[in-house]
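Below are the chains, spelled out letter by letter.
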Amino acid sequence: VLLAGKGACPPEDCGGVYGYADLIATWSDPAAEEYESVREWLGDDFDPNAFDLAAHSRRVGQIFAR
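Being a predicted model, the structure only gives us computed values, none of them experimental.

Caption draft 1: Structural detail: the overall build of the protein chain. A count of helices and strands for the protein chain gives 3 helices and 0 strands. Overall, the protein chain shows an N-to-C arrangement of helices and strands of α-α-α. In summary, the protein chain has a C-alpha radius of gyration of 14 Å against a globular reference of 11 Å for 66 residues, an excess of more than 25%. Taking the principal axes of the C-alpha coordinates as reference, the protein chain spans close to 45 × 20 × 15 Å. Taking all 66 residues of the protein chain together, the buried fraction comes to 26%. Summed over its atoms, the accessible surface of the protein chain is roughly 5300 Å², and 53% of this surface lies on carbon and sulfur atoms. In the protein chain, the 5 positive side-chain charges and the 12 negative ones have mean positions that sit 15 Å from each other.

Encoded structure:
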């Protein structure tokens, strides 16, 4: 059973935990050199704080149902 979670899942090929941290730092800083390319890559609807407990709970349930 999944009880809680925090934040969005890192996108594919972001460079692991540290790459994701750098990506979020760039996404949040309009003065960053790669800000526009990161925003384009992640899209306007990306929210690093989003977490859908119901959706993730279903996924966890599917894994353990196998």
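Caption draft 2: The packing of aromatic side chains, seen in detail. In this structure the tally under the stated criterion is 1 aromatic pair. Centre to centre, the rings of W27 and F46 are 5.7 Å apart; their planes meet at 80 degrees, and the pair counts as edge-to-face. Of the two residues, W27 sits in helix α1 (residues 16-27) while F46 sits in the loop between α2 (35-42) and α3 (53-65), which places them 19 residues apart along the sequence. Just as W27 is buried, F46 falls in that class too.

Caption draft 3: Representation of the environment of S37. Within the element layout of this structure, S37 appears in helix α2. By relative accessible area, which is 44% here, S37 ends up partly exposed. Spatially, the C-alpha atoms of S37 and W27 are 9.2 Å apart, while their sequence positions differ by 10 residues. For S37, the side chain forms a polar contact with the main-chain oxygen of E34, separated by 3.0 Å.

Caption draft 4: Quick look at the nonpolar core. Residues A8, C14, Y20, L23, I24, W27, V38, L42 and F46 constitute the largest nonpolar core, which totals 9 residues. Elements supplying a minimum of two residues to this core: α1 and α2. In terms of residue count, the dominant contributor to this core is α1 (4 residues).

Caption draft 5: How the structure looks around α1. Across its 12 residues, α1 extends 16 Å between first and last C-alpha, which sits within 8% of the 16 Å expected from 1.5 Å per residue. Residues of α1 that are buried include every one of G19, Y20, L23, I24, T26 and W27, and no others. Each buried residue of α1 sits inside an arc of 160 degrees when the element is viewed along its axis, so together they form one side. Seen from the buried face of α1, the exposed residues on the opposite side, beyond 90 degrees, are V17, Y18 and D22.

Conventions adopted
Residues numbered from 1 in each chain as written. Predicted model: local features only at pLDDT ≥ 70, side-chain atom pairs only at ≥ 80, totals over all residues. Heavy atoms only, no water. Helix = DSSP H or I, 4+ residues; strand = E, 2+ residues; numbered from the N terminus. Rg over C-alpha atoms; globule rule 2.2 N^0.38 Å. Buried < 20%, exposed > 50% of the residue type's maximum accessible area, 1.4 Å probe, protein only. Areas by Shrake-Rupley, 256 points an atom, 1.4 Å probe, with all protein chains shown as cover. Lys, Arg positive; Asp, Glu negative; His and termini not counted. Charge placed at Lys NZ, Arg CZ, Asp CG, Glu CD. Phe/Tyr/Trp six-rings, centres within 6.5 Å; stacked < 30°, edge-to-face > 60°. Polar contact = N/O pair within 3.5 Å; in protein donor to acceptor, adjacent residues only side chain to side chain. Core = buried A, V, L, I, M, F, W, Y, C linked by side-chain atoms within 4.5 Å. Expected span 1.5 Å × (residues − 1). Arc of directions from axis to C-beta.

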